[in-house]
Amino acid sequence: MNPFDHYVKATLGLKYYGCYVDDFVIVHESKEYLRGLIPKLADYLRSDLGLVLHPRKVYLQHYSHGVKYLGLVGYELQRCDSFCSEASVLSNGLHVIV
């Protein structure tokens, strides 16, 4: 997924992105922006990597409803030492695409 990571971070310029193996999460304050991002991500995965997003495994919701990621559901963004450390500064107007 390394090419996809570079596409998301460098080309799309997304700041709040995390992945592990074949799961990823993107956090952004605009639900509409994320809604428009889903087809772009799907097109890149299909055309460049030969992968398909599973339609029932893409979630777009406000983070206060919980973030289902890696088989767990998180309900609060907290500071941690890895990629999510920046998430601690985010306001409660965020939406998540998983």
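**Some words on the side chain of His28**
Considering the arrangement of structural elements, one finds His28 in strand 2 (residues 23-28). Among the polar contacts made by the side chain of His28, one reaches the main-chain amide nitrogen of Ser30 at a distance of 3.0 Å.

**Some details on the nonpolar core**
In summary, soluble globular proteins display a tendency toward joint burial of nonpolar side chains. Core analysis: the largest hydrophobic core is formed by 13 residues, its most contacted members being Phe4, Tyr7, Val8, Ile26, Leu37 and Leu41. For this core, the secondary-structure elements that each account for two or more residues are helix 1 (2-11), strand 2 and helix 2 (31-49). Residue contacts for Tyr7: discarding those within four places in its chain leaves Leu12, Lys40, Leu41 and Tyr44.

**Concerning the pairing of strand 1 (residues 16-20)**
Strand direction decides the pairing type here: strand 1 and strand 2, joined by five bridges, are antiparallel. Residue Cys19 lies in a different strand from strand 2, and its bridge partner there is Phe24.

**A look at the environment of Arg46**
Mapped onto the elements of the fold, Arg46 is located in helix 2. According to the relative accessible area criterion, Arg46 is partly exposed, its value standing at 49%. Of note is the side chain of Arg46, whose polar atom sits 2.7 Å from the side chain of Asp43.

**Points about helix 2**
For helix 2, spanning 19 residues, the distance from its first C-alpha to its last is 26 Å, which sits close to the expected 27 Å at 1.5 Å a residue. Remark: the principal bend of helix 2, roughly 25 degrees, maps to Leu37, with a proline, Pro39, within the next four residues. If you check which residues of helix 2 are buried, you get Leu34, Leu37, Leu41, Ala42, Tyr44 and Leu45.

**Let's talk about the pattern of salt bridges**
Close approach of charged atoms allows side chains of opposite charge to pair. Taken as a whole and judged by the stated rule, the model has two salt bridges. As a salt-bridge pair, Arg35 and Glu32 come within 2.8 Å of each other at their nearest N and O atoms. Of this pair, Arg35 and Glu32 both sit in helix 2, three residues apart, which is roughly one turn of the helix. In this structure, Arg46 and Asp43 form a salt bridge, with 2.7 Å as the shortest nitrogen-oxygen distance. Residue Arg46 and its partner Asp43 are both found in helix 2; the two are separated by three residues, about one turn of the helix.

**With respect to the confidence of the model for the protein chain**
For the protein chain, the mean per-residue pLDDT works out to 75, and 64% of the residues sit at or above 70. Within the protein chain, strand 6 (residues 95-97) has the poorest average pLDDT of any element, 50, and helix 2 the best, 92. Low confidence marks residues 79-93, where pLDDT is under 50. Its contacts with residues over four positions away, or in another chain, come to 20 contacts.

**Focus on the environment of Lys57**
Residue position: Lys57 is located in the loop between helix 2 and strand 3 (60-62). With a relative accessible area of 57%, Lys57 lands in the exposed category.

**Thoughts on the packing of aromatic side chains**
If you walk through the whole model with that rule in mind, you get five aromatic pairs. Taking the centre distance of 6.3 Å and the plane angle of 70 degrees together, the rings of Phe4 and Tyr17 count as edge-to-face. Taken together, the residues span a long stretch of sequence, with Phe4 in helix 1 and Tyr17 in strand 1 at a distance of 13 residues. Both residues of the pair, Phe4 and Tyr17, belong to the buried class. Following the ring pairs from residue to residue traces out a cluster consisting of Phe4, Tyr7, Tyr17, Phe24 and Tyr44.

Calculation rules
Here the residue index of a chain counts from 1 through its sequence in written order. Given that the model is predicted, a residue must reach a pLDDT of at least 70 before its local features are reported, and side-chain atom pairs must reach 80 or more before they are shown or counted; all residues, however, enter totals for whole chains, interfaces and linings. As a rule here, side-chain values cover all heavy atoms of the structure and leave hydrogens and water aside. For the purposes of this entry, the term helix denotes a DSSP run of H or I that reaches at least four residues, the term strand denotes a run of E that reaches at least two, and both are numbered from the N terminus. Whenever two N or O atoms come within 3.5 Å, that pair is a polar contact, provided that in protein one can donate a hydrogen and the other can accept it, and provided that, for residues adjacent in sequence, both atoms are side-chain atoms. Joining through side-chain atoms within 4.5 Å is the link that ties buried Ala, Val, Leu, Ile, Met, Phe, Trp, Tyr and Cys residues into a set, and such a set is a nonpolar core. Buried residues are those whose accessible area, probed at 1.4 Å on protein chains only, stays under 20% of the maximum for their type, while exposed residues exceed 50% and partly exposed ones sit between those limits. Throughout, a contact is declared for two residues whenever any of their heavy atoms are within 4.5 Å. In this description, strands pair whenever DSSP reports at least two bridges between them. Expected helix span is computed as 1.5 Å times (number of residues minus one). Here the bend at a residue is taken as the angle between two axes, fitted respectively to the seven residues that end there and the seven that start there. Here, a salt bridge means any Lys or Arg side-chain nitrogen found within 4 Å of an Asp or Glu carboxyl oxygen. Scored from 0 to 100, pLDDT reflects the predictor's confidence in each residue. Put simply, two rings from Phe, Tyr or Trp (the six-membered ring, in Trp's case) pair if the centres are within 6.5 Å, and we call them stacked under 30 degrees between planes, edge-to-face over 60, tilted for the rest.

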